[in-house]
Amino acid sequence: MKLVVVGHGPTSSRLVEALVAKGFGGRITVLGEEPRAAYDRVALTSYLTGRSAEDLTYPVPEGVVLRLASRVTGIDRDGRTVTTADGHVEPYDVLVLATGSSPFVPPVPGRELEGCFVYRTIDDLDAIREAAAGAGSGVVIGGGLLGLEAADALRGLGLSTHVVEMGGWLMPRQVDEGGGAVLRGHVEALGLTVHTEAGAREIVAGPDGRVAGLVKPDGETIAAQVVVFSAGVRPRDELARQAGLEVGDRGGIAVDDGMRTSDPAIYAVGECALHDGMVYGLVGPCFTMAEVAADRILGGQAAFARADLSTKLKLLGVEVAQFGAMDGALDVTFMDPVGGIYQKLFVSDDARTLLGGICVGDATPYNTLKPFVGRDLPGAPSELLFTGGPASMDLPDDAQVCSCNNVTKGQVCAAVADHGLTDVAGIKGCTRAGTTCGSCLPMLKQILIKSGVEVSKALCEHFAHSRAELFDIVRVRGITTFSQLIDEHGTGRGCDVCKPVVASILASLGNGHILDGEQAALQDTNDHFLANIQRNGTYSVVPRIPGGEITPDKLIVIGEVARDFGLYTKITGGQRIDLFGARVEQLPLIWKRLVDAGFESGHAYGKALRTVKSCVGSTWCRYGVQDAVGLAISLELRYRGLRSPHKLKSAVSGCARECAEARGKDFGVIATEQGWNLYVGGNGGFTPRHADLFASDLSTEELIRTIDRFLMFYVRTADRLQRTSAWLESQGLEYVRQVVLEDSLGICADLDAQMDRHVASYADEWRTAIEDPGKLRRFVSFVNAPATPDPSIAFTAERDQIKPVLLPLEVVRS
Amino acid sequence: MTVLSEATTTVWTAVCAYTDLLPERGACALVGRHQIALFRTFDGELFAIGNQDPFSGAQVLSRGIVGTRAGEPSVASPMHKEVFSLVTGVCLDDPAVAVPIYPIRVADGTVEVGVR
Ligand code: SRM
Ligand SMILES: Cc1cc2nc3c(=O)[nH]c(=O)nc-3n(C[C@H](O)[C@H](O)[C@H](O)COP(=O)(O)OP(=O)(O)OC[C@H]3O[C@@H](n4cnc5c(N)ncnc54)[C@H](O)[C@@H]3O)c2cc1C
Ligand code: SF4
Ligand code: FES
C-alpha cells in the first residue's frame, strides 16, 4: 500500500511514528512544505532562548521517505496522485492531510511591510530575531496565549514590547474578566505595555519603507520596528477545498470519528481537521487524531471523541490555566491581589460536581483538581482553593492525567507496576505522559509517590538519602565525621556531590572549624582555601563589610593590601570589595593584614550568608522610616558563617522605595512606620523570583526570631543547592508560614536553640586559620617547593590593573 | 656502560614525606617543568596524575574533591567538576579526554614520583 502524508508537523510526525510502531507494511512518503523535518512547535519559543533546531526536531523512523521543501499544490482524486509545487507527482492509495493551520493576518493596511511577522515556524523566529537586532520596540497584535508568548519572546530579544488585544482583557479564551485583570498586573509588572479593546487601524512605514509603528483605532500610534500578528489561526484546508472535499463553513476539513474525509481514500488529522464542528488548536487532541487515523489505516476501529481543551501554561513566569467549562451554576473565587493570584472554580448547583476552573498566578488547582471535572468534588470548593487541594486525593483510574497524550491515571499506575518504575523519567518513557507540554509532571510525581513506590531521592551513587534525610541522620545520631556517616549509611568513598553536602551539614550543626581534621578533605576548593577559585587557578578575597558600611581607614587598608599584592580590585554587586588574582601561598599573608585591621571572612566562597545589603535608611535619607543600616549590620553579624544548602543573601530597605532591592533576596526586610515587613524566597540569578511577603509590621525582636526560624527550617529541609526560592515553592508559602509563625510542627524551640548555638559559637574562619600552623601548611602551590609560586600563572595589564593570561590547552585524547 | 633509551627511563624524584599527604586530598609537586597532582586515598594508596585540567587549562586538579565513582578512585576538577580516574587518568564524564598518569611509590617514608 502506498500511503502519502501531506505536511510534516507534530501531527504528521506522530501519525508516521504510530504507523511504523504498529507494523505498517506499506510505503510511507511524507511531503512537507517547510525546509526541515517536523519539530516540536509547542516548544518553538525555546528556539530563541538557546535550543537548537536539531534539539526540537522529532526523529523520523527508518524507511519513511521524507521530501522537504515540497508544497503540495493539487490532489487528483480520480488518478490518486498529488502534485507538488516543483512538479513532482506522487501516487497514493491512501492520502492523509496533516497541513495544520496558518496564522490569521487581519486585513490591516500596511500588513505587508517589511518588519511584519507571524509566529509559527523556525523560519519566522529567525526572521524576527534578525529584525529585532536593530530594533528598539515591538508590538504584538493579539493578547491570547500565543500572542503573550510572542510578546515574551520579543521582550527576551531586548525590545520594549506592547500587546494590543481587541477584547476587554488578556487571554479571553482562557480566563474571565477577573482573571484577565490579575494577569494584566503580572504582565505589566514585567515591563510589557498592554492595550485592551484595541486593534490595529493601520501599520505605518518609516522613511526607509520598513515598519515604524502601529496606529490604534483611537488614533494613538505605538512606535515599533517589529510587528507580530498573533490574531488566531485558520485551518489550512485550501488543498481540500480545491479537491472538492467537504469543508466546514468556517474552515476545517470535515472528518468522521475515524478521521476520514468525504473521500474514503483521504484522511485529515491535526489542526486542519474539523471534527463534530470543532477545530482543535492544541497538540493533545491532534496527537489523538494521529493515533486514531493510524489505527484505522491498519484496519482498526479506533474513534475520536470530543477532546478536552484544558490548558495550563507558564507565560512570562506566570502560571495560567483553564480546565473544563468556563461557567456554571455556582462559582467560588479565591483572590490574592498582593500575590497576584486568582482562582475560580465552577460547580453544579448542588456544589458537588466540579465543572471547570480558571487559575492565574498559581495553577495548583489545575494540577490537583482537573481530573475531577464532571465528578464529585473531593471537598468543599472554597476549602479546596484555600488549601490547594486535599492532602490525599484518590483519583479514579479513568481520570485523564496527561491531556497532551491522552494518558489516564490507570495507565500510569499500570506502567509503574509493570516496569517497576521509580521516577518520572521512567513514566515518560513508558507512557509518553509528560513528554509534550510538561504541565502534568507534578501530577505524575504525585501518582508515583502515592503508588507507594520509593521515589529515588538519592543524593548520588554513595547515598540513597536526600539532603534533608542526611541532615536528620547526622543531627539525631550525633554523627560528627563523614567516614562514620558513609560507613553506616552509604557506599563507596563519596564524591564532589555528597562530600560538600555532608561538610555543610556538619558545619550547620556546629562541628568546629571547616578545616578541622577529616572535614578539610570534604570541602570544595573554595572552602578549602577559604577563597574563590578563578579561571586561571588563582583566588579572590572578599572581606566582610557588614551592611556595606565601611570607615575610610578600613577602605585605605583594603587599598593598601590590594596595591601591595598587585590584586585586581572591583566593587561587587553585593556592596563589598573583591580582590582578585591571589596565589594560594599569598592568601594567608593577605588575610593576616586584613585580620589585623579588623576584617573577617566574607564567606564569598561558602554556601553561607553572603551580604546583607542596605540602603542608607532613616539616618540620612529624607524618606527613611527606620534605621536600615543598623538592622542590616546586626542581621549580617547574627547570621555570618551560617552554612546552608545554598548561599543566603539579604537586604534591608529603609522605606517602601526599596533601594536595597530586598525583594530580590532570600530574606529581605523593608521598613514600615510600625516596624519591619519580612519578605522571603527572593532570588536573582538563573531564575529570578520576587520574594513573598511573609509577615508585616514586626518589631525588631519579632523579626529576628522569625528569620532565625525561617533560616533554620530551610537549613534542615532543603535539597542540595536549592535556594530558598525553589525550596519555598516546593514547600508552599502557607506551610512554611504555619511552621515558622504558628509552630505547627512544634519544632520552633528547637530551631531557636540551634540558631542560638550558631550565634554563640561563631568564630572568624580566617583568623582561626592564620593562627594555626597546621592549617597554614596547606596554603602552598607545591608540596615539594613551598616558596615557589606557580610558574603557570601570569598576568597582563588592562585599564591599569592585572588580567590573567590563560594557559594554552594541552588536551590528551586517549 | 649501559645506554638507556630516553623514552623508557623512569627517573624517580622524591617530593615529600608520606605524612605530608592528607587522606583523600591532593597536593601538587613541581618536577622539572611538570606539575604533578599527588593523591592519597582513604586506604593509604597513592596516585599521581597531571595537574592541568584539560578542560580549563588551569593547573588545579590537585585541588579537586577525591572520591570514588563505581568503586574507581577519582578526582573532580575544582573548575567545572569533570571527574577523572586516578588509576587511568581518563575523564569519566568524557572518555575521549585523559590526563597523563605518573608512577608513584613510597621509599622509606618518602613519596617518589617517576617522570619519563
Ligand atoms: C563578585 C560577584 C560579581 C561582581 O563582581 O559583582 C559575583 C561573583 C560570582 N558569583 Fe555571583 N557574584 C556577585 C553577586 C551576585 C548577585 C548580586 C547580588 O548578590 O546582589 C547575584 C544575583 C542575586 C542572587 O544570588 O539571587 C549572583 C548570582 C550568582 C549565581 C546564581 C545563583 C542562583 O540562585 O541562580 C551564581 C551560581 C551559583 O551560586 O550556583 C553565582 C556565582 C558566582 C561565582 C562564585 C562563580 C564561581 O563559582 O566562580 C563568582 C565568583 C566570586 C568571586 O569572588 O570570585 N552568582 N551573584 C558578586 C559578589 C557579591 C558579593 O559581594 O558577595
Ligand atoms: C508558538 C506556539 C506555541 C504553542 N504552544 C502550544 C502549547 O503550549 N500547547 C498546545 O497544545 N499547543 C501549542 N501550540 C499549538 C501546536 O503547535 C499545534 O497544535 C500543532 O503544531 C499542530 O500540529 P499539526 O501537525 O496539526 O500542524 P502544524 O504544526 O501546523 O504542521 C503542519 C505542517 O504542514 C505543512 N503544510 C501545510 N500545507 C502544506 C502543503 N500543501 N504541502 C506540504 N506541507 C504543508 C506546514 O508547513 C506545517 O509544517 C503552539 C503553537 C505555536 C505556534
Ligand atoms: S555573572 Fe557570571 S561571570 Fe559574572 S561574576 Fe557572576 S558568575 Fe561570574
Ligand atoms: S499534559 Fe501536556 S505533557 Fe502531559
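From a predicted model like this one, the values you see are computed outputs, not experimental measurements. (Residues numbered from 1 in each chain as written. Chains lettered and ligands numbered in written order. Predicted model: local features only at pLDDT ≥ 70, side-chain atom pairs only at ≥ 80, totals over all residues. Heavy atoms only, no water.)

Right, let's get into the pairing of strand E32 (residues 609-614) of chain A. Looking along a regular strand, one sees the side chains alternate between the two faces of the sheet. Residue and element names in this part refer to chain A. Most of E32 sits inside the fold, with six of its six residues counted as buried. Note that E32 and strand E33 (residues 648-653) share four bridges and pair parallel. Pairing of Val612 across the sheet is with Ser650, part of E33. For the crossover that starts at E32, traverses helix H19 (residues 628-639) and ends in the parallel E33, the hand is left-handed. (Buried < 20%, exposed > 50% of the residue type's maximum accessible area, 1.4 Å probe, protein only. Helix = DSSP H or I, 4+ residues; strand = E, 2+ residues; numbered from the N terminus. Pairing = 2+ DSSP bridges. Right-handed = clockwise from strand over helix to strand, strands pointing away.)

For the rest of this paragraph, the subject is the UniProt feature "binding site: siroheme" (unreviewed entry) in chain A. Residues and elements named next belong to chain A. Taken from the UniProt record, the annotation "binding site: siroheme" (unreviewed entry) applies to Cys659. As for its position among the elements, Cys659 is in the loop between E33 and strand E34 (667-671). Ignoring sequence-local partners within four residues, the contact set of Cys659 consists of Cys615 and Ser653. (UniProt positions renumbered as here; feature names shortened; annotations may be inferred. Contact = heavy atoms within 4.5 Å.)

All names here are of chain A. Within the structure, ligand 2 sits among 31 residues, and Thr11, Glu33, Glu34, Arg41 and Glu271 are positioned closest to it. Glu33 is positioned with one of its side-chain polar atoms (N or O) 2.6 Å from an oxygen atom of ligand 2. Note that a nitrogen atom of ligand 2 is positioned 2.9 Å from one of the backbone N or O atoms of Val72. For ligand 2, whose unbound accessible area comes to 1000 Å², protein coverage reaches 95%. Looking at the shell around ligand 2, the elements with two or more residues in it are helix H1 (10-21) and helix H4 (145-156). For the shell around ligand 2, the class distribution of residues is 12 nonpolar, 11 polar and eight charged. (Near = heavy atom within 4 Å. Polar contact = N/O pair within 3.5 Å; in protein donor to acceptor, adjacent residues only side chain to side chain. Areas by Shrake-Rupley, 256 points an atom, 1.4 Å probe, with all protein chains shown as cover. Nonpolar A, V, L, I, M, F, W, Y, C, P; charged D, E, K, R; others polar.)

This part covers helix H13 (residues 467-477) of chain A. Because an α-helix completes one turn every 3.6 residues, residues spaced three or four positions apart along the sequence face the same direction. All names here are of chain A. Within H13, burial applies to Arg467, Ala468, Leu470, Phe471, Ile473 and Val474. Buried residues in H13 make contact with helix H14 (482-489), helix H15 (498-508), helix H20 (700-717) and helix H23 (748-761). Phi turns positive one or two residues past the end of H13, at Gly478, with a value near 65 degrees.

Attention shifts here to empty space enclosed by the protein. All names here are of chain A. Tallied over the full model, the rule gives three cavities of 30 Å³ or more. Empty space within the largest cavity amounts to approximately 90 Å³. If you go around the largest cavity, the residues you meet are Tyr366, Asn367, Lys370, Pro371, Gln400, Val401, Ser403, Cys404, Cys437, Ser439, Cys440 and Met443. Here the residues of the lining of the largest cavity are counted per class, giving seven nonpolar, four polar and one charged. Lining the lining of the largest cavity are residues from two domains, each supplying at least three of them: domain 3 (316-393) and domain 4 (395-456). Put simply, the second largest cavity is a space of about 40 Å³. The wall of the second largest cavity is formed by His8, Ser13, Val16, Val30, Pro59, Val60, Pro61, Val64 and Leu66. Residue composition of the lining of the second largest cavity, grouped by class: seven nonpolar, two polar and no charged. (1 Å grid on protein atoms, 1.4 Å probe; cavity = no way out; pocket = protein on both sides within 12 Å on 5 of 7 lines; lining within 4 Å. Points joined across faces, edges and corners; volume = space filled by probe spheres on them. Domains from an automatic or database assignment.)

To continue, consider the pattern of salt bridges. Summed over the entire model, instances satisfying the criterion amount to 56 salt bridges over all chains. One salt bridge in this structure joins Glu24(B) and Lys499(A), with 2.6 Å as the shortest N-O distance. Note that Glu24(B) is positioned in the loop between strand E1 (11-17) and strand E2 (25-31) and Lys499(A) in helix H15, a pairing that runs across two chains. Lys499(A) sits in the buried class, given a relative accessible area of 0%. The structure contains a network of salt bridges with shared partners spanning Arg638(A), Arg705(A), Asp708(A), Arg709(A), Asp752(A) and Asp756(A). (Salt bridge = Lys/Arg side-chain N within 4 Å of Asp/Glu carboxyl O.)

What follows concerns the packing of H13(A) against H15(A). All names here are of chain A. In the contact formed by H13 and H15, the axes pass within 10 Å of each other and the chain directions differ by 45 degrees. In terms of orientation, H13 and H15 fall into the oblique class. For H13 against H15, the interelement crossing comes out right-handed. Residues Arg467, Leu470, Phe471 and Val474 of H13 lie in contact with H15, whose contacting residues are Val501, Ser504, Ile505, Leu506 and Ser508. The residue makeup of the contact of H13 with H15, split by class, is six nonpolar, two polar and one charged. (Axes fitted to C-alpha atoms, helices over the stretch in contact; angles between N-to-C directions. Parallel < 35°, antiparallel > 145°, perpendicular 65-115°, else oblique. Left-handed = near helix turned anticlockwise from the far one by under 90°.)

Right, let's get into the interface of chain B and chain A. Counting residues at the interface gives 42 residues for chain B and 42 residues for chain A. Buried surface at the junction of chain B and chain A, both sides included, amounts to about 3100 Å², of which 53% is carbon and sulfur. The three residues of chain B that bury the most area against chain A are Arg25(B), Arg63(B) and Ile65(B), which together make up 21% of that side's buried surface. Counting across the chain B and chain A interface gives four salt bridges. (Buried area = accessible area lost by both parts, 1.4 Å probe.)

Residue and element names in this part refer to chain A. The sheet built from three strands is open, its strands ordered E13-E14-E15 with antiparallel pairing. Both edges of this open sheet fall to strand E13 (202-205) and strand E15 (221-223), since each of them pairs with a single strand only. The mean inter-strand angle of the sheet, taken between neighbouring strand axes irrespective of direction, is 30 degrees.

Note: strand E4 (residues 72-76) of chain A against strand E5 (residues 81-84) of chain A, four bridges, orientation antiparallel. Bridging across to E5(A), Val72(A) finds its partner in Thr84(A).

In this section: the environment of Phe713(A). Residue and element names in this part refer to chain A. As for its position among the elements, Phe713 is in helix H20. For the pair Phe713 and Val740, spaced 27 residues apart in sequence, the C-alpha separation works out to 7.9 Å. Those residues in contact with Phe713 that sit more than four places away from it in its chain are Trp727, Gln731, Tyr735, Val736, Val739, Leu745, Ile747 and Leu751.

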